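Reading the structure
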Amino acid sequence: MRFSIATAFALIAASSLHAQTAAPVLDLSTAAPIAGSWFYSQTPGASEASFLNASALPQLTIRCTRATRRVTISKPANRAVPFLTVWTSAQTRAVPASFSPATQRLSAELAASDALLDAIAFSRGRFGVSVSGAAALVVPAWAESQRVIEDCRV
């Protein structure tokens with residue numbers, strides 16, 4: 001009996017600690033994507049899709065570096081944060097991010113085989129990226145981002 005009571009208290013303490021440290025769940029399933037368009041381009045050894053808002057300012061870039069088979073997701077930022085959270089209709093994940101003061105961009109890098117990229121490619125109508133302390137950026141899920149992901153896999 002003592003073992004059962006001690007186990008119960010341990011489970012309660014663990015779940016309480018998890019509730020205090022777990023990040024809130026991001027759900028963008030009803031969020032409207034911002035106005036703008038995706039543009040695809042190729043360079044030697046790379047391809048990228050950039051989403052430009054209605055004012056033609058880049059809001060999100062997905063880039064494939066073929067030599068390393070890595071896909072980089074980047075967005076404009078004015079400060080470093082540890083994670084870039086990617087939301088799709090099937091999956092949400094916080095991906096470690098790095099900040100470049102020279103380009104004022106926050107980037108997260110994934111292997112071309114990462115399942116999160118499949119979730120982006122097949123997201124229903126939209127996907128989003130967010131960082132702590134800022135509103136989420138929700139963009140339409142068009143073929144250009146899918147093409148970049150496939151470029152890295154062939």
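Residues numbered from 1 in each chain as written. Predicted model: local features only at pLDDT ≥ 70, side-chain atom pairs only at ≥ 80, totals over all residues. Heavy atoms only, no water.

Attention now moves to the pairing of strand β6 (residues 92–100). Across 5 bridges, strand β5 (residues 83–87) lies against β6 in antiparallel orientation. What sits directly across from Val 86, in β6, is Arg 93. Taking the residues that link successive antiparallel strands as the turn, the β5-β6 hairpin has 4 residues. By the bridge criterion, 4 bridges tie β6 to strand β7 (residues 105–111) in an arrangement that is antiparallel. Looking at the pairing, Ser 100 lines up with Arg 105 of β7. Turn length for the β6-β7 hairpin, with the two strands adjacent in sequence and antiparallel, is 4 residues, and the turn residue Gln 104 shows positive phi of about 55 degrees. (Pairing = 2+ DSSP bridges. Helix = DSSP H or I, 4+ residues; strand = E, 2+ residues; numbered from the N terminus.)

Next up on the list: the sheet that holds β6. Paired through their backbone hydrogen bonds, the strands of a sheet run either parallel or antiparallel. Across the sheet, 9 strands lie side by side as β1-β2-β3-β4-β7-β6-β5-β8-β9; this open sheet has antiparallel pairing. At either margin of the open sheet sits one strand with a lone partner, and together these are β1 (36–43) and β9 (137–140). Adjacent strand axes in the sheet meet at a mean angle of 25 degrees, parallel and antiparallel pairs treated alike. Each of β1, β2 (46–53), β3 (58–65) and β8 (126–130) touches helix α3 (residues 143–151); the most contacted strand, β1, lies at about 25 degrees to it. (Axes fitted to C-alpha atoms, helices over the stretch in contact; angles between N-to-C directions. Contact = heavy atoms within 4.5 Å.)

Before going further, it helps to examine the confidence of the model for the protein chain. Counting all residues, the mean pLDDT for the protein chain is 88, and 84% of those residues have values of 70 or more. In this model, residues 6–23 is a region of pLDDT below 50 whose contacts with residues beyond four sequence positions or in other chains number 0 contacts. (pLDDT = per-residue confidence, 0-100.)

Under the criterion given, the structure shown has 6 salt bridges. The partner of Arg 66 in a salt bridge is Asp 151, and the shortest N-O contact between them spans 3.9 Å. With Arg 66 in the loop between β3 and β4 (70–76) and Asp 151 in helix α3, this residue pair connects regions lying 85 residues apart in the sequence. For Arg 66, a relative accessible area of 25% gives the class partly exposed. Its relative accessible area of 13% is what places Asp 151 among the buried residues. (Salt bridge = Lys/Arg side-chain N within 4 Å of Asp/Glu carboxyl O. Buried < 20%, exposed > 50% of the residue type's maximum accessible area, 1.4 Å probe, protein only.)

Before going further, it helps to spend a moment on the packing of aromatic side chains. What the rule picks out here adds up to 2 aromatic pairs. Ring geometry for Trp 38 against Phe 51: centres 5.5 Å apart, planes inclined by 65 degrees, an arrangement best described as edge-to-face. In this pair, Trp 38 sits in strand β1 while Phe 51 sits in strand β2, placing the two residues 13 residues apart along the sequence. Judged by relative accessible area, which is 3%, Trp 38 ranks as buried. Exposure remark for Phe 51: the relative accessible area of 0% places this residue in the buried category. Measuring from ring centre to ring centre gives 6.1 Å for Trp 38 and Phe 127, while their planes differ by 25 degrees; the resulting arrangement is stacked. One end of the pair, Trp 38, is in strand β1; the other, Phe 127, is in strand β8, with 89 residues separating them in the sequence. (Phe/Tyr/Trp six-rings, centres within 6.5 Å; stacked < 30°, edge-to-face > 60°.)

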